[in-house]
Amino acid sequence: MAIIESQGLSKTYVNGVTALRQVDLRVEAGEVFGLLGPNGAGKTTAVRILNGTLQPTSGSYRVLGESNGSTAIRQRTATLSEQAAMYSHLSVQENLLFFSDMYSIDRGTALGRIQYYLKRMELWDRRDDKVATLSTGQKKRIQIARTLLHEPELIFLDEPTSGLDPDAADKVNTLIRTLAEEQHTAIFLCTHNLPMAEKICDSFGFLSRGELIKHGSKAEIVESIQREKQVEIVTNSGQFTYPIKADQEINTHIQSLISSGHIITGVRIPQPSLEDAYFHYIERSQHELV
Amino acid sequence: MNWFRIRAVIRKDLKEVAGMKMVVLPMVVVPLLLCIIMPAAISITVFTYGIKFISNVEMMEQIIPLYDIPEVFSTIPLQIQYIFLNYTFLPLFMVIPVMISSIVTANSIVGEKERHTLETLLYTPITHKEFITSKLLGAFLPGFVLTVTGFLFYFVVVNGISYYYINDLMVRSPMWLVGIFVAAPALSLLGLTITLLVSLRAKTYLEAQQMSAMVVVPLVLLIVLQISGVITFHTGYALLFSLAVLLIDWCAMSRLLPRFKRENIL
């Protein structure tokens, strides 16, 4: 069953900028989906449409079975974005209570969940401190607690680790994945951080200049690159890369290098990675545009 | 509409405002000056030293016959003081609701946008109607409450001083009731509307506040025209003026609100 389905989703802003072009997308239940693309590709617009904040110019979509722009989408999902902030003049607990009110959670339940998540985030002792006094990493953890308060069925994450140091980013990633698994929450992740996406996601979509140019599992995407097979031979005087059609050609290249005085220290047949596939598709789409 | 959510946003906005010195300072200083310090200083000075310190007394004397002044205030200094404390202070008073509603609206919309909290709020299930209602009420109510409270202080301070000196109440024109309960809400709405309009374009809280501060210019003009005798305030005129402002509010709001979409404010 699909939790997100879109057909021909397009968005042109009033200033004439087209952020999304005919996006057909399908994300299955239980999937952690990564929407990857460079800055300005339209990822944030996609999230804002799918979470019901913005209206598409054309096309239609369903999220968790709810159709275009329904408030129920925002009730059943949560969004954590790169820039979205908490109220810095209010305390951690006041912030979380306010967002509980936004989701109509009764006070008793809200207080219980706040205690649970703040303890999980190791921030229970800071509950009465103003958000302004927290570090960037702590603020991000409070934001994660905020997104989980109403137990959403789907979480949109838009560059969730932006601005964090690698250690804090890694902790946030692990926390997101763990909590998603514990609560069976689906995740829609937007990022240009490929290693992070590869670590968290089950399936991927590449977005370039508003167009969804590739969509599928890692294996499907990587297999789809019709790249020439290559061999990398490392010698005492450097690395040599040769295109090959059959494995027998490897011996020929090795013998040729030995006969010319090189000492072979390693041989490798590189497999295309998700990163190779990403750059392959993104660069191709940009060349096509030119 | 979910009033639970609306109340939560209003409560949160007020709590946030209370924690910001930059926002609270003008909201405290201006009413304090207008409701207590200035009227008390004027009253005590006039009762103690008369009107010797007023320049252009002749011009003030010329406008005395234009106003309904109770017979008990028979001397020229008392009559001038009556005009000043009742008719000149009223438009000055109107600065309070206009200023407060503009400050709170600017903070709760452009300020939130600037601090990136508006995005977090708009990602919650709050509907467009709930959002607008909470932001409008959250800005209107403090302005109205502070105006009424300020008037009560003004009434007690000015009448307390006048009772001490002349055994009579100086602030007793029915125009105050029209001013506080009709003109102040109407002008407060005007301040709100103009700040909402500014919010669509302004990038920072200070920019929004400075642009919407222009709303007080017509009020200052009213005061100047009134002191110079060009126009005279009466209860009926104040009521007509308030109704005209309400009409402007309604026209402006009905044109502005459809433009005030999530897409335009994010």
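A. Region of interest: the overall build of chain B. Across its full length, chain B carries 12 helices and 0 strands. Going from N to C terminus, chain B has its helices and strands arranged as α-α-α-α-α-α-α-α-α-α-α-α. Rg of the C-alpha trace for chain B: 20 Å, near the compact-globule value of 18 Å for 266 residues, within the 12% margin. Principal-axis analysis of the C-alpha atoms places the extent of chain B at approximately 65 × 35 × 30 Å.

B. Spotlight on the interface of chain B and chain A. In this assembly, 22 residues from chain B lie in contact with 22 residues from chain A. Sorting the residues of the side of chain B that touches chain A by element identifies α1 (3-18), α6 (117-122) and α12 (262-265) of chain B as the ones contributing at least two each.

C. A look at the sheet that holds strand β1 (residues 2-12) of chain A. All names here are of chain A. Read from one edge of the open sheet, 4 strands run β2-β1-β4-β5, paired in antiparallel fashion. Among the strands making up the open sheet, the edge pair consists of β2 (18-28) and β5 (66-67). With 5 bridges connecting them, β1 and strand β4 (residues 58-63) associate as antiparallel partners. Directly across from I4, in β4, lies its bridge partner V63.

D. Fine view of the domain arrangement of chain A. Residue and element names in this part refer to chain A. In terms of domains, chain A is made up of domain 1 (2-223) and domain 2 (230-289). Measuring from the centre of the C-alpha atoms in domain 1 to the corresponding centre in domain 2 gives 39 Å. A breakdown of the residues in the side of domain 1 that touches domain 2 according to their chemical character gives 7 nonpolar, 1 polar and 5 charged.

E. Helix α11 (residues 235-256) of chain B, seen in detail. All names here are of chain B. For α11, built from 22 residues, the straight-helix expectation of 32 Å at 1.5 Å per residue is met to within 8% by its first-to-last C-alpha distance of 31 Å. All of the buried residues along α11 are A238, F241, S242, V245 and D249. Here the buried residues of α11 occupy an arc of 100° about the axis, which is enough to place them on one side. Turned more than 90 degrees away from the buried face of α11, the exposed residues are G236, L240, A244, L247, C251, S254 and R255. The inward-facing, buried residues of α11 contact α8 (175-199).

F. Expanded view of the pairing of β1 of chain A. Residue and element names in this part refer to chain A. Two elements, β1 and β2, share 7 bridges in a ladder whose sense is antiparallel. For K11, the partnering residue across the bridge sits in β2 and is L20. Between the end of β1 and the start of β2, which pair antiparallel, lie 5 residues, with G16 showing a positive phi angle near 95°.

Conventions and cut-offs
Residues numbered from 1 in each chain as written. Chains lettered and ligands numbered in written order. Predicted model: local features only at pLDDT ≥ 70, side-chain atom pairs only at ≥ 80, totals over all residues. Helix = DSSP H or I, 4+ residues; strand = E, 2+ residues; numbered from the N terminus. Rg over C-alpha atoms; globule rule 2.2 N^0.38 Å. Contact = placed C-beta atoms within 7 Å. Pairing = 2+ DSSP bridges. Domains from an automatic or database assignment. Nonpolar A, V, L, I, M, F, W, Y, C, P; charged D, E, K, R; others polar. Expected span 1.5 Å × (residues − 1). Buried ≥ 20, exposed ≤ 12 C-beta atoms within 10 Å, placed from the backbone. Arc of directions from axis to C-beta.

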